[in-house]
Amino acid sequence: MRLSDREQDGIIVLEPKGKIMGGPDASLLHDKLYEFIEQDKKKVVIDLSQVDWMNSTGLGILISGYTTLRNTNGELKLASVTDKIQSLLTITKLVTVFEAYDTVDEAVESFK
Amino acid sequence: MKKPIISGDTITIPSSQEYLTDVDVFIEGILRGYGADESVIADVAISVSELVNNAILHGNRSSDVKTVKVTIARNSKDISITVVDEGQGFNPDDIEDPLADENLLKEAGRGIFIVRSLMDDVDIYEDNGGTAIKITKSIG
């Protein structure tokens, strides 16, 4: 997995690419997320458009970020969720937890 | 064992997550050779990654003297993949329901549930003192 990040209208946008399956690559997403939380940047969108698939480790990182942000008055939202990941969110009922938008722009706009 | 070893339809890796990608490349390459469609390949790859993670972390407890063996086989309609560790085994009935309200926001505990959801069949058994999990998926 590769990871890039940017800021759009004051919102952090994380852009993982590839597969999130555990080990060093999954730590990268976790660590970057917490780096921004420590900087008090607590409005985060994760753009999943270029993630081929993720497993339960990836879902665990999303949940960790979601709960940590929620507990510190922040918010994590998802954008451009692919069919494969949407399917995983549905079977695990996590679709009821995460706020998801079709595009990053829509997700960023939703914070206003 | 210091690095993955591939022998025919089997890859054996040391008990470290740094080798997850090696297993994924091996499995996905064989499945593409079988002509499986991309959605099936992703489902199998996700499932194998779950099982190998469990084998490394929970089965072998990341021991550097233990290995994880992944074998792929095919018949006319199905592929099957068996993941074997050298751990103490586990009782799948002990796994909590990840869909229960009290577990929904737990960061771990969904792996086997996801595998059961994505695969057609999942068989868990003892193998030479370790645990073997065989998953089967139709590609026909």
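The sections below set out a description of the structure shown in this document. Small disclaimer: the values here were computed from a predicted structure and weren't measured.

**Points about helix H2 (residues 38–59) of chain B**
All names here are of chain B.
- In this model H2 runs 30 Å from its N-terminal to its C-terminal C-alpha over 22 residues, within 8% of the 32 Å that 1.5 Å per residue would give.
- When you tally the buried positions in H2, you get 17 out of 22 residues, the bulk of the element.
- Backbone nitrogen of Ser-39 and a side-chain oxygen of the N-cap are separated by 2.9 Å at the start of H2; the cap is Asp-37.
- Arg-61 occupies a position one or two residues after H2 and carries a positive phi of about 50°.

**Quick look at the pairing of strand E2 (residues 11–20) of chain A**
Residues and elements named next belong to chain A.
- Within E2, 10 of the 10 residues are buried, which leaves the element mostly enclosed by the surrounding structure.
- The turn linking strand E1 (residues 2–8) back onto E2 is made up of 2 residues, and Asp-9 within it adopts a positive phi angle of 50°.
- Where E2 meets strand E3 (residues 43–47), 3 bridges bridge the pair, whose relative direction is parallel. Within the sheet, the bridge partner assigned to Val-13 lies in E3 and is Val-45.
- The parallel pair E2 and E3 is bridged by helix H1 (residues 24–38), and the resulting crossover is right-handed.
- Examined bridge by bridge, E2 and strand E4 (residues 51–54) share 3 bridges and lie parallel to one another. Directly across from Lys-19, in E4, lies its bridge partner Trp-53.

**Here we look at the nonpolar core**
- Judged by nonpolar contacts, the single largest core of 69 residues is most densely connected at Phe-98 of chain A together with Ile-27, Val-70 and Ile-81 of chain B.
- Considering every element that reaches this core, the biggest residue donor is H2 of chain B, with 11 residues.
- Ignoring any residue separated from it by four or fewer positions in sequence, one finds Ile-27 of chain B in contact with Val-44, Val-48, Val-70, Ile-72 and Ile-81 of chain B.
- Within the second largest apolar cluster, 8 residues are counted, among which are Ile-11, Val-13, Val-45 and Val-108 of chain A.

**A word on the sheet that holds strand E1 (residues 5–7) of chain B**
All names here are of chain B.
- Across the sheet, 6 strands lie side by side as E1-E2-E3-E4-E6-E5; this open sheet has antiparallel pairing. Each edge of the open sheet is held by one strand with a lone partner, namely E1 and strand E5 (121–127). For this sheet, the mean inter-axis angle between neighbouring strands, taken without regard to orientation, is 15°.
- Relative to strand E3 (residues 67–74), strand E2 (residues 10–14) runs antiparallel, the two sharing 5 bridges. Counterpart to Thr-10 in the pairing with E3 is Thr-71.
- Contacts from helix H1 (residues 20–34) reach E1, E2, E3 and strand E4 (78–84), with the element oriented near 5° to E3.

**Some remarks on the interface of chain B and chain A**
- Each side of the interface is counted separately: chain B has 26 residues, and chain A has 25 residues.
- Carbon and sulfur atoms supply 65% of the area that chain B and chain A bury against each other, a total of about 2,000 Å² over both sides.
- At the junction of chain B and chain A, the tally comes to 3 salt bridges.
- There are 9 residue pairs in polar contact (both at pLDDT 80 or more) connecting chain B and chain A.
- For the side of chain B that touches chain A, the secondary-structure elements that each account for two or more residues are H1, H2 and helix H3 (111–118) of chain B.
- The biggest single contributor to the side of chain B that touches chain A is H2 of chain B, with 8 residues.
- Each residue belonging to the side of chain B that touches chain A can be placed in one class, and the counts come to 10 nonpolar, 7 polar and 9 charged.

Reading guide: rules and limits
Numbering of residues starts from 1 in every chain and runs along the sequence as written. Chain letters start at A and ligand numbers start at 1, both assigned in the order the entries are written. Residue-level local features of this predicted model are given only where pLDDT is at least 70; pairs of side-chain atoms are given and counted only at 80 or more, and the full residue set underlies all totals for whole chains, interfaces and linings. Only hydrogens and water are removed before side-chain values are computed, so all heavy atoms of the structure are retained for them. Going along the chain from the N terminus, every DSSP run of H or I of four or more residues is numbered as a helix, and every run of E of two or more is numbered as a strand. To estimate the expected span of a helix, count its residues, drop one, and scale the result by 1.5 Å. Each residue gets one of three labels from its accessible area relative to the maximum for its type: buried under 20%, exposed over 50%, partly exposed in between, using a 1.4 Å probe on protein chains only. Any N or O atom pair separated by 3.5 Å or less is treated as a polar contact, with the protein-specific requirement of one donor-capable and one acceptor-capable atom, and with residues adjacent in sequence counted only for side-chain atom pairs. Between any two strands, at least two bridges found by DSSP are needed for them to pair. Crossovers are described as right-handed under a simple rule: with the strands pointing away from the observer, the path leading from the first strand over the helix to the second runs clockwise. Nonpolar cores were defined as sets of buried Ala, Val, Leu, Ile, Met, Phe, Trp, Tyr and Cys residues, with membership established by side-chain atoms within 4.5 Å. Only heavy atoms enter the contact rule, under which two residues are in contact if any of them lie within 4.5 Å. Under this scheme, a helix contributes an axis fitted over its contacting stretch, all axes are lines through C-alpha atoms, and angles between N-to-C directions fall in the 0 to 180 degree range. The term buried area refers to how much accessible surface (probe radius 1.4 Å) is lost by two components on association, counted for both of them together. Salt bridges are counted wherever a side-chain nitrogen of Lys or Arg sits within 4 Å of a carboxyl oxygen of Asp or Glu. Under this grouping Gly is polar, as are all residues other than the nonpolar Ala, Val, Leu, Ile, Met, Phe, Trp, Tyr, Cys and Pro and the charged Asp, Glu, Lys and Arg.

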